[in-house]
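Geometric and topological summary
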Amino acid sequence: MLSNTCKYAIRAVIYLAVNDEDGKKIGIKQISKDLDIPTPFLGKILQSLAKQKLLKSTKGPHGGFSIGRAAEEITLYDIVSIIDGSDVFTNCLIGMHSCKSNSEEGYACPVHDQYSSIRKQMFDFFSNETIAKILTNMEEKSDYIKL
């Protein structure tokens, strides 16, 4: 349901939150290496998030990226809406333009009623799942990179 770009964005925000220590900036090359994401692609993703103030970006020899808000204030919905948009939470599952998900004058597509409750559950999950909650769930796991 999420694009690879969006998955990379979520991983990068988690990575920066895990490594958030006194405003420490982490260079794009280090993030790229640790997360195994191509640097130019990751750079575009991180700039998009920085433009929306989810991350902080500093240029120069001691520059890099850091988390832009408290982890408790960043939801998965924030990231998804910046990178992929919010269509997954509102549009017709099978892409019918005439579905009432897309138009008030529309009619229910063949999966509209079944998908409506799933769509709401997804929206609720993404809106309520914060980076802080994810970090709490990761505390016992050592498989995530910490600089």
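This one's a predicted model, so the numbers in the text were calculated from it and none came from an experiment.

Here we take up the environment of Met96. By the secondary structure assignment, Met96 is in the loop between helix H4 (76–83) and helix H5 (112–128). Sequence separation between Met96 and Ala108 is 12 residues, and the spatial gap between their C-alpha atoms is 9.4 Å.

Relative to strand E2 (residues 64–67), strand E1 (residues 55–58) runs antiparallel, the two sharing 4 bridges. By the bridge assignment, Ser57 is partnered in E2 with Phe65. The loop that links E1 with its antiparallel partner E2 comprises 5 residues; one of these, Gly60, has a positive phi angle of about 110 degrees.

A word on a nonpolar patch on the surface. On the surface, Met1, Leu93 and Ile94 cluster together to form a nonpolar patch covering roughly 330 Å² of accessible area. On the secondary structure map, Leu93 appears in the loop between H4 and H5.

It is worth spelling out the packing of aromatic side chains at this point. Applying the stated criterion across every chain, the model contains 6 aromatic pairs. Ring geometry for Tyr8 and Phe41: centres 5.6 Å apart, planes at 80 degrees, overall edge-to-face. Of the two residues, Tyr8 is situated in helix H1 (residues 4–18) and Phe41 in helix H3 (residues 39–51); the sequence distance between them amounts to 33 residues. The structure contains a cluster of three or more aromatic residues connected by ring pairs, namely Tyr77, Phe89, Phe123, Phe125 and Phe126.

When the charged atoms of two side chains lie near each other, side chains of opposite charge can form a pair. Enumeration according to the criterion identifies 2 salt bridges in this entry. A salt bridge links Arg69 to Asp78; the shortest N-O distance between them is 3.8 Å. Put simply, Asp124 and Lys120 hold a salt bridge, and the shortest N to O gap is 2.8 Å. Residue Asp124 and its partner Lys120 are located together in helix H5, separated by 4 residues, close to a single helical turn. Overall, the relative accessible area of 29% leaves Asp124 in the partly exposed class. Relative accessible area serves as the criterion here: at 51%, Lys120 is assigned to the exposed category.

If you want to describe how two helices pack, look at the angle between their axes and the distance between the axes. Contact geometry for helix H2 (residues 28–35) and H3: axes closest at 9 Å, N-to-C directions at 110 degrees. Classed by the angle they form, the pair H2 and H3 counts as roughly perpendicular. As for the relative orientation of H2 and H3, their crossing is right-handed in sense. Between H2 and H3, the contacting residues are Ile28, Ile31 and Ser32 on the first element and Thr39, Leu42, Gly43 and Leu46 on the second. Partitioned by chemical class, the residues of the contact of H2 with H3 number 4 nonpolar, 3 polar and no charged.

With 39 residues, the main nonpolar core has Ile31, Leu49, Leu55, Ile79 and Ile131 as its most contacted residues. For this core, the secondary-structure elements that each account for two or more residues are H1, H2, H3, E2, H4, H5 and helix H6 (131–138). With 10 residues, H1 is the largest single contributor of residues to this core. Those residues in contact with Leu49 that lie beyond four places of it in its chain are Ala9, Val13, Leu54, Leu55, Ile79, Ile82 and Ile83.

Looking now at the confidence of the model for the protein. Residues with a pLDDT of 70 or more make up 94% of the protein, whose mean pLDDT is 89. The element-level mean pLDDT for the protein is lowest in H6, coming to 91, with H4 highest at 97.

Parameters at a glance
- Residues numbered from 1 in each chain as written.
- Predicted model: local features only at pLDDT ≥ 70, side-chain atom pairs only at ≥ 80, totals over all residues.
- Heavy atoms only, no water.
- Helix = DSSP H or I, 4+ residues; strand = E, 2+ residues; numbered from the N terminus.
- Pairing = 2+ DSSP bridges.
- Patch = residues over 30% accessible without salt bridge, like charges linked within 9 Å, V, L, I, M, F, W, Y side chains within 5 Å.
- Areas by Shrake-Rupley, 256 points an atom, 1.4 Å probe, with all protein chains shown as cover.
- Salt bridge = Lys/Arg side-chain N within 4 Å of Asp/Glu carboxyl O.
- Phe/Tyr/Trp six-rings, centres within 6.5 Å; stacked < 30°, edge-to-face > 60°.
- Buried < 20%, exposed > 50% of the residue type's maximum accessible area, 1.4 Å probe, protein only.
- Axes fitted to C-alpha atoms, helices over the stretch in contact; angles between N-to-C directions.
- Parallel < 35°, antiparallel > 145°, perpendicular 65-115°, else oblique.
- Left-handed = near helix turned anticlockwise from the far one by under 90°.
- Contact = heavy atoms within 4.5 Å.
- Nonpolar A, V, L, I, M, F, W, Y, C, P; charged D, E, K, R; others polar.
- Core = buried A, V, L, I, M, F, W, Y, C linked by side-chain atoms within 4.5 Å.
- pLDDT = per-residue confidence, 0-100.

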